[in-house]
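Geometric and topological summary
The residues making up each chain are set out below.
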Amino acid sequence: MIKFREMKPDDLTHIARVNVDTFRATHQGIVPDRLMNDLSYETAEHRLERMLGKTGRDSAIFVADHDGSVVGYAMGGLAREDLTPFLGELYGIYIVPAYHGKGIGRQLVALVVKHLHTQGLHSMFVWVFSDNVPARRFYEALGGHVVHQRRIFLAEHEVSETAYGWSTMDIVLG
Ligand SMILES: CC(C)(COP(=O)(O)OP(=O)(O)OC[C@H]1O[C@@H](n2cnc3c(N)ncnc32)[C@H](O)[C@@H]1OP(=O)(O)O)[C@@H](O)C(=O)NCCC(=O)NCCS
């Protein structure tokens, strides 16, 4: 059975594995190979730890736990940059491929949205690589609208990113 809950400290190692494995499976051909090769579970764990520490109480990670295994997570909190008028940010959502299309993503985003509401953050955005079409369809199914686009450099390659925004998030909660 799949349970949804806030992460516990000893989940972090498993969350980092889900992040790296799913990032690799999703972004082949979208981000440069060098960046893929440089990914490691340890670096991902330290980055997540730093993000939780830096953003403080306003950020949270929720996990989908299948009989004791973390099979997906979503993280959100205060926006890390000014994308007025959006106050909150979905920092990331990663679900292992075998569990896609079962409603887990929608439930995890709903938990992040509820958390943002408790922090007084009633709007949010998320950045996605523009070529990650399945994730874009997911954000659109959740009522997100394209609000920004930018080009960034990753390992000396130019990559396009798109931000989806929700000016009110009740639509995500259904
Ligand atoms: C994108 C992702 C989070 C979606 O999670 P999910 O559990 O597969 O999605 P859900 O089953 O909750 O789907 C929710 C809605 O989105 C729609 N949706 C999800 N994926 C879709 C796709 N590829 N194409 C079209 N619609 C899609 C579903 O049809 C559903 O719509 P409905 O509720 O109106 O029926 C998940 O597939 C994932 O982790 N992908 C790899 C990592 C990734 O790309 N993360 C985002 C990085 S920014």
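A brief report on the enclosed structure follows. Computed from a prediction, not measured in an experiment: that's the story for all the values here.

**So, the site of the ligand**
For the ligand, the set of nearby residues contains 19 residues, the closest of which are H100, G105, P134, R137 and A141. Those elements giving two or more residues to the shell around the ligand turn out to be α1 (12-27), β4 (86-95), α4 (104-118) and α5 (133-141). Broken down by element, the residue count for the shell around the ligand peaks at five residues, all from α5. For the shell around the ligand, a count of residues per class yields nine nonpolar, seven polar and three charged.

**A short note on α4**
With 15 residues, α4 extends 22 Å between its outermost C-alpha atoms, agreeing within 8% with the 21 Å of an ideal straight helix rising 1.5 Å per residue. Positive phi appears at G120, one or two residues downstream of α4, with a value of about 75°.

**Considering unusual backbone geometry**
Negative phi is the rule for most residues except glycine; trans is the rule for most peptide bonds. The omega torsion of the bond from T84 to P85 falls at 10°, within 30 degrees of zero and hence cis. Take P85: it is sitting in the loop between β3 (69-83) and β4. One non-glycine residue with positive phi stands out, namely D67, at about 45°. Note on placement: D67 falls in the loop between β2 (60-66) and β3. The phi torsion at E156 lies on the positive side, around 65°, for a residue other than glycine. Residue position: E156 is located in the loop between β6 (145-154) and β7 (157-166). Overall, the presence of 7 C-beta atoms within 10 Å leaves E156 in the exposed class.

**A look at the pairing of β2**
Side chains on a regular strand alternate between the two faces of the sheet. Within β2, six of the seven residues are buried, leaving the element largely enclosed by the surrounding structure. Where strand β1 (residues 2-6) lies against β2, five bridges are found, and the strand directions are antiparallel. Pairing of K3 across the sheet is with D65, part of β2. Pairing analysis gives seven bridges linking β2 to β3, with the strands arranged antiparallel. Bridged to A64 within β3 is G72. Here β2 hands over to β3 after two residues, with D67 in that stretch at a positive phi of 45°.

**Observations concerning the nonpolar core**
If you look at the biggest cluster of nonpolar residues, it comprises 41 residues, and the most contacted ones within it are Y73, A74 and L108. If we ignore the near neighbours within four places in the chain, the residues touching A74 are F62, L90, I93, L108, V109, L111 and V112.

**Considerations on the environment of P134**
Within the secondary structure layout, P134 lies in helix α5. In sequence terms P134 and T26 are 108 residues apart; their C-alpha atoms lie 9.2 Å from each other.

**So, the sheet that holds β1**
Backbone-to-backbone hydrogen bonds join strands into a sheet, with any given pair of strands oriented parallel or antiparallel. An order of β1-β2-β3-β4-β5-β7-β6 is seen for the seven strands of this open sheet, with the pairing classed as mixed. The open sheet terminates on both sides in strands that have one partner only, identified here as β1 and β6. The average angle at which neighbouring strand axes cross in this sheet is 25°, direction not considered. Two strands pair when backbone bridges link them, and β4 and strand β5 (residues 124-129) are joined in this way by two bridges, in the parallel orientation. Paired with E89 across the two strands is F125, which belongs to β5.

How each quantity is defined
- Residues numbered from 1 in each chain as written.
- Predicted model: local features only at pLDDT ≥ 70, side-chain atom pairs only at ≥ 80, totals over all residues.
- Near = placed C-beta within 6 Å.
- Helix = DSSP H or I, 4+ residues; strand = E, 2+ residues; numbered from the N terminus.
- Nonpolar A, V, L, I, M, F, W, Y, C, P; charged D, E, K, R; others polar.
- Expected span 1.5 Å × (residues − 1).
- Buried ≥ 20, exposed ≤ 12 C-beta atoms within 10 Å, placed from the backbone.
- Pairing = 2+ DSSP bridges.
- Core = buried A, V, L, I, M, F, W, Y, C linked by C-beta atoms within 7 Å.
- Contact = placed C-beta atoms within 7 Å.
- Axes fitted to C-alpha atoms, helices over the stretch in contact; angles between N-to-C directions.

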